[in-house]
Amino acid sequence: MAYNLLKGKKGIIFGALNEQSIAWKVAQRCHAEGAEIVLSNSPLALRMGELNNLAAECNAPVIGADVTSNEDLENLFAKTKEHFGGGVDFILHSIGMSVNVRKGIPYYENNYDFTHKGFDISALSLHRVLQLAMKHDVINEWGSVVALSYIAAQRVFPDYNDMADNKAVLESIARNFGYYYGTKKKVRVNTVSQSPTRTTAGSGVKGFEGFISYAEKMSPLGNANADQCADYCITLFSDLTKMVTMQNLFHDGGFSFTGVTQAVIEQMEK
Ligand code: NAI
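Residues numbered from 1 in each chain as written. Predicted model: local features only at pLDDT ≥ 70, side-chain atom pairs only at ≥ 80, totals over all residues. Heavy atoms only, no water.

Novice: Looking at this structure, how should I read the packing of helix α4 (residues 70-84) against helix α6 (residues 112-135)?
Specialist: Interaxial distance between α4 and α6 falls to 10 Å at its minimum, and their mutual angle equals 50°. In terms of their interaxial angle, α4 and α6 are classed as oblique. Seen from above, α4 lies across α6 with right-handed handedness. Judged by residue contacts, Asn 70, Leu 73, Glu 74 and Phe 77 of α4 engage Arg 128, Val 129, Leu 132, Ala 133 and Lys 135 from α6. Looking at the contact of α4 with α6 residue by residue, the class counts come to five nonpolar, one polar and three charged. (Axes fitted to C-alpha atoms, helices over the stretch in contact; angles between N-to-C directions. Helix = DSSP H or I, 4+ residues; strand = E, 2+ residues; numbered from the N terminus. Parallel < 35°, antiparallel > 145°, perpendicular 65-115°, else oblique. Left-handed = near helix turned anticlockwise from the far one by under 90°. Contact = heavy atoms within 4.5 Å. Nonpolar A, V, L, I, M, F, W, Y, C, P; charged D, E, K, R; others polar.)

Novice: Where do I start with the packing of aromatic side chains in this structure?
Specialist: The way to describe two aromatic rings as a pair is by their centre distance and the angle between their planes. Evaluation of the coordinates by the stated rule reveals 11 aromatic pairs. Where Tyr 150 meets Phe 157, the ring centres are 5.6 Å apart and the plane angle is 55°; that geometry is what we call tilted. Judged by relative accessible area, Tyr 150 falls into the buried class, the value being 8%. For Phe 157, a relative accessible area of 14% translates into the label buried. Both rings, one in Phe 250 and one in Phe 257, keep their centres 6.4 Å apart while their planes meet at 80°; by these two values the pair is edge-to-face. On the accessibility criterion, Phe 257 (74% relative accessible area) is exposed. (Phe/Tyr/Trp six-rings, centres within 6.5 Å; stacked < 30°, edge-to-face > 60°. Buried < 20%, exposed > 50% of the residue type's maximum accessible area, 1.4 Å probe, protein only.)

Novice: Please explain the site of the ligand as it appears in this structure.
Specialist: Neighbouring the ligand are 29 residues; Ser 21, Asn 41, Lys 167, Thr 197 and Thr 199 lie closest to it. One of the backbone N or O atoms of Gly 15 is found 2.8 Å from an oxygen atom in the ligand. One of the side-chain nitrogen or oxygen atoms of Lys 167 is found 2.8 Å away from an oxygen atom of the ligand. Notes on the ligand: free accessible area 830 Å², of which the protein chains cover 93%. Elements that contribute at least two residues to the shell around the ligand include exactly β4 (139-149) and α8 (200-203). If you tally residues by element for the shell around the ligand, the top one is α8, at three residues. For the shell around the ligand, the class distribution of residues is 14 nonpolar, 13 polar and two charged. (Near = heavy atom within 4 Å. Polar contact = N/O pair within 3.5 Å; in protein donor to acceptor, adjacent residues only side chain to side chain. Areas by Shrake-Rupley, 256 points an atom, 1.4 Å probe, with all protein chains shown as cover.)

Novice: I'm lost on the UniProt feature "binding site: NAD(+)" (unreviewed entry) in the chain in this one. Help?
Specialist: If you check UniProt for "binding site: NAD(+)" (unreviewed entry), the listed places come out as Gly 15, Ser 21, Ile 22, Asp 66, Val 67, Ile 95 and Lys 167 in our numbering. Positionally, Ser 21 belongs in the loop between β1 (10-14) and α1 (22-32). Mapped onto the fold, Asp 66 is located in the loop between α3 (51-58) and α4. The class for Asp 66 is partly exposed, based on a relative accessible area of 28%. Asp 66 has contacts with Pro 43 and Asp 72, leaving out every residue within four places of it along the chain. (UniProt positions renumbered as here; feature names shortened; annotations may be inferred.)

Spelled out as structure tokens, the structure:
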């Protein structure tokens, strides 16, 4: 059901790779709620071609940008402003990648070249997006920026590897940049800490199926899926959450504040 919550708003969605992507669902919901969007992803992701289907569905241009490149981002922002004839009201940062995870290198043996690359893509990119957006005045007053995080930023989930450090920094950047962008232009910046979700990035984590079923059993409401995450992001882009900023917001069915559940106790007693 749509509520026209984003009628008249314009935004950039980073990170829709395929139909499973959280960003894909957010883009569809933005469109349904009346927003106009620009879709962006890395040149590699664009070559896979699936994004064109989403672009057609949402009537949105696709502008490639590697988030580790200032030049790419400046080009994206310039073209977006040209397309809309002005700035945007919201940005979704739905980007993550760890080479150490991909190569199955354990945390205590991380290769630092890989660590740097993953950090640049998964964490520093939020700073880069915000810094360049501020420099080129891309986000309108009372705009909203949301980045996606995971609870491994606060607690240890061994196979999440160096992505845990990346998420901790990502949340810190949202907090710190949220201060400056809020003071300067009333732009809010938050992270949404989402339940484990079956996507390309998610499934790359070793033992992911165990992860996801444990979280399901440990959450009073069960795991939040990608569609529900999209619903939550829409509220954060809407004018209903104008005073929420610098927060890490758990969207996880209650997992983060649950010590143990009856379902887990029963499993342990088997
Ligand atoms: P996904 O694999 O669909 O999305 C990750 C995106 O990052 C892809 O579209 C990929 O092309 C993009 N990306 C990678 N390198 C890039 C670069 N250099 N420049 C621009 N884009 C680049 O997976 P998912 O799960 O939708 O991930 C979205 C976000 O949600 C990530 O930040 C992830 O860490 C976060 N998240 C995912 C959870 C899960 O269990 N799937 C749980 C909590 C958070």
